[in-house]
Amino acid sequence: MRYPNAELYFAVFGAMTKSRVLTVESFDDLTGAKIMRAAGFEAIFIAATMNPPGIEPPMELR
């Protein structure tokens, strides 16, 4: 099937910030911003931000 003029929306549970700071001033402070912009989504919903290394446990806990 084809859906001409379809609008794409994207929901993200956790988006990773470029720095260790969880607050972001703009969408470009997220590591995946360039990819998400290129996808052409109409809107993006982000439930939470996380800082590197993401959902993995910190190295010092391993």
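Before any of the text, the structure's been laid out above.
So, a few notes on the structure that sits alongside this text. What you see is a predicted model; the values in this text were computed from it and never measured.

Rules used throughout
- The residue count restarts for each chain, going from 1 along the sequence in the order it is written.
- Owing to the predicted nature of the model, reporting of local features is limited to residues with pLDDT of at least 70; listing and counting of side-chain atom pairs is limited to 80 or more, with chain, interface and lining totals taken over all residues.
- Excluding hydrogens and water, the side-chain figures rest on all heavy atoms present in the structure.
- Put simply, DSSP H or I for four residues or longer makes a helix, DSSP E for two residues or longer makes a strand, and each gets a number counted from the N terminus.
- Exposure classes here rest on a 1.4 Å probe applied to the protein chains alone. A residue is buried below 20% of its type maximum, exposed above 50%, and partly exposed in between.
- For the accessible areas, the method is Shrake-Rupley and the probe is 1.4 Å, while residue cover comes only from the protein chains on display.
- Here, residues are in contact when the closest pair of their heavy atoms is within 4.5 Å.
- Counted as salt bridges are all cases of a side-chain nitrogen of Lys or Arg within 4 Å of a carboxyl oxygen of Asp or Glu.
- Distance and chemistry together define a polar contact, namely a pair of N or O atoms within 3.5 Å, with one atom able to donate a hydrogen and the other to accept it when in protein, and with adjacent residues in sequence counting only for side-chain atoms on both sides.
- Pairing between strands requires that DSSP locate at least two bridges from one strand to the other.
- Think of it like this: strands point away, you trace from the first strand over the helix to the second, and a clockwise trace means the crossover is right-handed.

Let us look at the overall build of the protein. Helix and strand counts for the protein come out as one helix and two strands. Of the regular secondary structure in the protein, the N- to C-terminal order runs β-α-β. Relative to its full complement of 62 residues, the protein shows a buried share of 13%. For the protein, the accessible surface area stands at approximately 5,300 Å², while carbon and sulfur atoms represent 60% of it.

A few words now on the environment of A15. Note on placement: A15 falls in strand β1 (residues 9–16). It is 7.6 Å that separates the C-alpha atoms of A15 and G32, two residues lying 17 residues apart in sequence. Not counting chain neighbours up to four residues away, the residues in contact with A15 comprise L30, I46, A48, T49 and M50.

It is worth spelling out the pattern of salt bridges at this point. Tallied over the full model, the rule gives one salt bridge. Its salt-bridge partner being R37, residue D28 comes within 3.2 Å of it at the nearest N-O pair. The exposure class of D28 is partly exposed, given its relative accessible area of 40%.

This paragraph deals with unusual backbone geometry. Even without a glycine there, the phi angle at N5 is positive, about 60 degrees. By the element assignment, N5 lies in the segment before β1.

Topologically, T17 is positioned in the loop between β1 and α1 (33–39). At 2.6 Å, the side chain of T17 and the backbone oxygen of S19 are in polar contact.

Turning to the pairing of strand β2 (residues 43–50), a few remarks are in order. A regular strand carries its side chains on alternate faces of the sheet. In this sheet, β2 lies alongside β1 in parallel orientation, the contact comprising seven bridges. Bridge pairing in β2 links Y9 to A43. Between β1 and its parallel partner β2, the chain crosses via α1, and the hand of that crossover is right-handed.

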